Amino acid sequence: MQMSPIIISMKTASAAVALTFLLGLFAARWIVKIKSEKAKMVLDGILTMPLVLPPTVIGFFLLLIFGVNRPVGKFLLGFLGVRIVFSWTATVIAAVVISFPLMYRSARGAFEQVDQNLIMAARTLRMSEKRIFWRIIMPLALPGVTAGGILAFARGLGEFGATAMIAGNIENRTRTLPLAIYSEVAAGDMQTASYYVIVVLVISFVVVVLTNYFTMKERKYLK
Amino acid sequence: MRKRMILFLSMCCLVFSLVGCSSNTTSSNTANTQTKQSTITVAAAASLKNCMDDKLIPLFEKEHPNVKVDATYASSGNLQTQIESGANVDVFISAAMTQMNALDAKGLIVKDSIVQLLQNKIVLIVPAKSTKGISSFTDILKADKIAIGDPASVPAGQYAKEAFTNLKIWDQVSAKASLGTDVTQVLNWVAEGSADAGVVYATDASSNDKVKVVAEAPAGSVSKIIYPVGIVKATKNEDAAKTFEEFLKSDEALKVFESYGFAANK
């Protein structure tokens with residue numbers, strides 16, 4: 001067993017969750033604020049799509065955007081000399097897109113469960129909306145938001161389909177744990193594959209337990 | 001009235017479905033006769049997908065209307081693992097002897113059913129619009145990203161590794177190489193421009209006009225590339241599987257293979 005897939009996966013999932021966390025929070029806040037129910041439904045649908053689409057479809061779209069013969073990819077390569085496909089950045093992009101809906105939906109749920117009376121009360125005391133968000137909504141929604149972040153981390157760690165399409169399978173660079181497992185099984189090396197599987201099992205289990213811990217906290221508060 | 005109509009219709013449906021069942025059972029009772037409808041599953045190396053799906057399977061099914069062929073394509077190493085774990089496969093066509101021999105050694109292939117069917121070549125490909133000036137196998141070091149099959153499981157990758165090892169540049173190549181899980185993935189990576197160069201079979205290269213072939217493996221750098229076919233021992237349709245294997249050996253089938261860039265191994 002090599003350490004590099006484990007290190008690459010942890011690095012990818014950590015970088016991805018940092019981005020997803022912020023993006024998901026902003027998206028959730030934005031959606032919650034929208035008044036029109038119809039617009040909300042459509043936008044929510046679009047933001048949730050990556051959760052229900054096969055990762056290979058996401059990979060297809062990412063290739064359409066970042067492929068070196070495609071507009072964005074061509075621009076990045078020609079003007080900035082940055083090549084997204086087959087780079088470590090590509091593993092992060094794939095993980096962010098795939099894990100985004102988990103973060104967004106958890107955060108949205110947590111925001112919507114915050115007691116509206118508290119927000120109203122703050123308004124009567126002339127607290128600014130920004131302050132209300134950071135001092136009242138966020139602290140109350142924190143357990144749900146944290147649970148979402150942890151789930152997003154786990155999903156990013158397990159990302160395979162879109163990653164294989166846009167980041168390739170370069171040892172020591174883009175070969176993440178799921179790709180390493182696939183390659184080892186294809187090579188008939190079940191022994192090595194099983195070590196990687198154990199690593200994934202342990203991380204995933206810890207993640208699920210942590211998520212439960214935070215949602216439990218949230219429920220206690222609600223009672 | 002309307003309710004009665006619905007009742008009548010649903011009774012009809014029920015009767016028809018029962019009739020359907022009974023006719024099925026009679027046909028399976030008369031098994032072993034030539035008229036029996038059977039399905040065989042063929043597991044073939046990814047490089048065979050086009051010629052099998054487009055020509056050979058339709059041709060075979062036309063000649064043998066009582067046999068239906070389901071095909072699955074992946075890297076030979078993957079298929080080997082699947083067959084070892086008991087996948088429901090009747091005929092296996094590998095892109096290298098290694099996988100076939102490994103299965104044979106484990107007693108998973110019908111004795112004496114292995115035939116060295118075809119020959120293929122490996123070539124160096126670049127994206128059709130490439131400007132890297134890559135024109136030979138040693139030029140591949142000019143590429144930033146290289147696509148090859150995973151040598152641990154993809155025969156095309158094993159041959160590529162062999163060629164580069166003989167040219168004494170394998171270490172440099174492998175540092176830049178993205179290892180595809182089958183040869184089709186390698187082809188698509190190069191066609192999409194994600195990789196600057198790749199090594200695939202001559203037959204794959206001719207199937208995609210977004211790539212161009214710049215070189216064949218230098219003489220003597222690669223061993224002969226043989227595609228063997230064998231019947232999997234766990235088959236429940238050995239007769240149909242044998243018929244299919246015979247069909248693949250026929251001049252008619254070999255002509256089709258040749259039109260896709262393979263050479264008959266005689």
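Residues numbered from 1 in each chain as written. Chains lettered and ligands numbered in written order. Predicted model: local features only at pLDDT ≥ 70, side-chain atom pairs only at ≥ 80, totals over all residues.

Bringing the overall build of chain A into the picture now. The helix and strand tally for chain A stands at 10 helices and zero strands. In sequence order, chain A lays out its α and β elements as α-α-α-α-α-α-α-α-α-α. Along the first, second and third principal axes, the C-alpha set of chain A runs to 65 × 40 × 30 Å. Burial statistics for chain A: of 223 residues in total, 41% are counted as buried. Within chain A, counting contacts between residues at least 6 apart in sequence, those at least 24 apart form 75% of the total. (Helix = DSSP H or I, 4+ residues; strand = E, 2+ residues; numbered from the N terminus. Buried ≥ 20, exposed ≤ 12 C-beta atoms within 10 Å, placed from the backbone. Contact = placed C-beta atoms within 7 Å.)

A few words on the interface of chain B and chain A. On the side of chain A, 16 residues touch chain B, which itself brings 19 residues to the contact. Residue composition of the side of chain B that touches chain A, grouped by class: five nonpolar, 11 polar and three charged. (Nonpolar A, V, L, I, M, F, W, Y, C, P; charged D, E, K, R; others polar.)

What follows is about the domain arrangement of chain B. Interfaces are frequently sized by the accessible area removed from exposure as the parts join. Residue and element names in this part refer to chain B. Parsing chain B into structural domains produces domain 1 (38-119 + 225-264) and domain 2 (122-216). When each unit is reduced to the centre of its C-alpha atoms, the spacing between domain 1 and domain 2 is 26 Å. Taken together, the contacts link 16 residues of domain 1 with 19 residues of domain 2. For the side of domain 1 that touches domain 2, the elements supplying multiple residues, two or more each, are α2 (49-63) and α3 (76-84). Ranked by residue count, the leading element in the side of domain 1 that touches domain 2 is α3, at three residues. (Domains from an automatic or database assignment.)

Let us now look at the sheet that holds strand β1 (residues 38-45) of chain B. Residues and elements named next belong to chain B. The strand order across the open sheet built from six strands is β2-β1-β3-β10-β4-β11, with neighbouring strands paired in mixed fashion. Of all strands in the sheet, those bounded by a partner on one side alone are β2 (67-74) and β11 (263-264). Strand direction decides the pairing type here: strand β4 (residues 115-120) and strand β10 (residues 225-231), joined by five bridges, are antiparallel. Bridged to glutamine 116 within β10 is proline 228. Against the sheet, helix α9 (residues 238-249) makes contact with β1, β2, β3 (91-93), β4 and β10, and its axis sits at roughly 155° relative to β10, the strand it touches most. (Pairing = 2+ DSSP bridges. Axes fitted to C-alpha atoms, helices over the stretch in contact; angles between N-to-C directions.)

On a regular strand, one side chain projects to one face of the sheet and the next to the other, so that they alternate. All names here are of chain B. With six of six residues buried, strand β5 (residues 122-127) lies mostly within the body of the structure. Strand direction decides the pairing type here: β5 and strand β8 (residues 197-201), joined by four bridges, are antiparallel. Bridge pairing links valine 123 to valine 200 in β8. Both β5 and strand β9 (residues 211-216) contribute to a ladder of five bridges, which runs antiparallel. If you follow valine 123 over to β9, its bridge partner there is glutamate 216.

All right, on to the sheet that holds strand β7 (residues 177-180) of chain B then. Residues and elements named next belong to chain B. Ordered by their spatial adjacency, five strands build an open sheet running β7-β6-β8-β5-β9, and the pairing between neighbours is mixed. For this open sheet the edge positions go to β7 and β9, each flanked by a neighbour on one side alone. Pairs of neighbouring strands in the sheet enclose a mean axial angle of 35°, with direction left out of account. The sheet strands contacting helix α5 (residues 155-166) are β5, β6 (146-149), β7 and β8, and the helix crosses β6 at an angle near 120°.

Residue and element names in this part refer to chain A. One can describe the packing of helix α1 (residues 4-33) onto helix α5 (residues 88-113) by two numbers: an axis separation of 6 Å at closest approach and a directional angle of 40°. One finds that α1 runs oblique with respect to α5. Note that α1 runs across α5; the crossing there is right-handed. Residues that form the contact of α1 with α5 fall into these classes: 19 nonpolar, five polar and three charged. (Parallel < 35°, antiparallel > 145°, perpendicular 65-115°, else oblique. Left-handed = near helix turned anticlockwise from the far one by under 90°.)

A few words on helix α3 (residues 55-66) of chain A. Think of an α-helix as 3.6 residues a turn; residues three or four steps apart then line up on the same face. All names here are of chain A. The terminal C-alpha atoms of α3, which comprises 12 residues, lie 16 Å apart, in line with the 16 Å expected from a rise of 1.5 Å per residue. Among the residues of α3, Pro55, Ile58, Gly59, Leu62, Leu63 and Phe66 are the ones counted as buried. Across the axial projection of α3, the buried residues extend over an arc of 140°, all falling on one side. The secondary structure elements touched by the buried residues of α3 are α2 (37-52), α4 (71-80), α5 and α8 (161-167). (Expected span 1.5 Å × (residues − 1). Arc of directions from axis to C-beta.)

On to unusual backbone geometry, then. Its identity is not glycine, yet phenylalanine 86 of chain A carries a phi of approximately 65°, on the positive side. The phi angle at lysine 168 of chain B is positive, at roughly 60°, despite the residue not being glycine. Assignment of secondary structure puts lysine 168 of chain B in the loop between α5 and α6 (170-176).

Before going further, it helps to examine the nonpolar core. Grouped together as the largest cluster of nonpolar side chains are 139 residues, with contacts concentrated most on Ile166 of chain A together with Ile122, Val190 and Val200 of chain B. For this core, the element with the most residues is α5 of chain A, which contributes 15 residues. In this structure, this core is formed jointly by two domains, domain 1 (38-119 + 225-264) and domain 2 (122-216) of chain B, each of which donates at least three residues. Discounting chain neighbours no more than four positions away, the residues touching isoleucine 166 of chain A are Gly59, Leu62, Leu63, Phe66, Val85, Ala90, Ile93 and Ala94 of chain A. (Core = buried A, V, L, I, M, F, W, Y, C linked by C-beta atoms within 7 Å.)

Residues and elements named next belong to chain A. You can see alanine 164 is positioned in helix α8. Judged by the 26 C-beta atoms lying within 10 Å of it, alanine 164 is buried. As a C-alpha pair, alanine 164 and isoleucine 181 span 17 residues in sequence and 12 Å in three-dimensional space. With residues up to four places along the chain from it excluded, the contact list for alanine 164 reads Asn169 and Leu179.

To continue, consider the confidence of the model for chain B. Should the pLDDT be low somewhere, the predicted coordinates at that spot are not to be read in detail. Residues and elements named next belong to chain B. For chain B, mean pLDDT is 86; residues scoring 70 or higher make up 86% of the total. Helix α1 (residues 2-29) is the least confidently modelled element of chain B, averaging 53 in pLDDT, while β3 averages 96, the highest of any element. Low pLDDT (under 50) marks residues 19-33, which in the prediction has two contacts with non-local residues, meaning those over four places away or in another chain. Two summary scores accompany this predicted model of the complex, namely pTM at 0.75 and ipTM at 0.72. (pLDDT = per-residue confidence, 0-100.)

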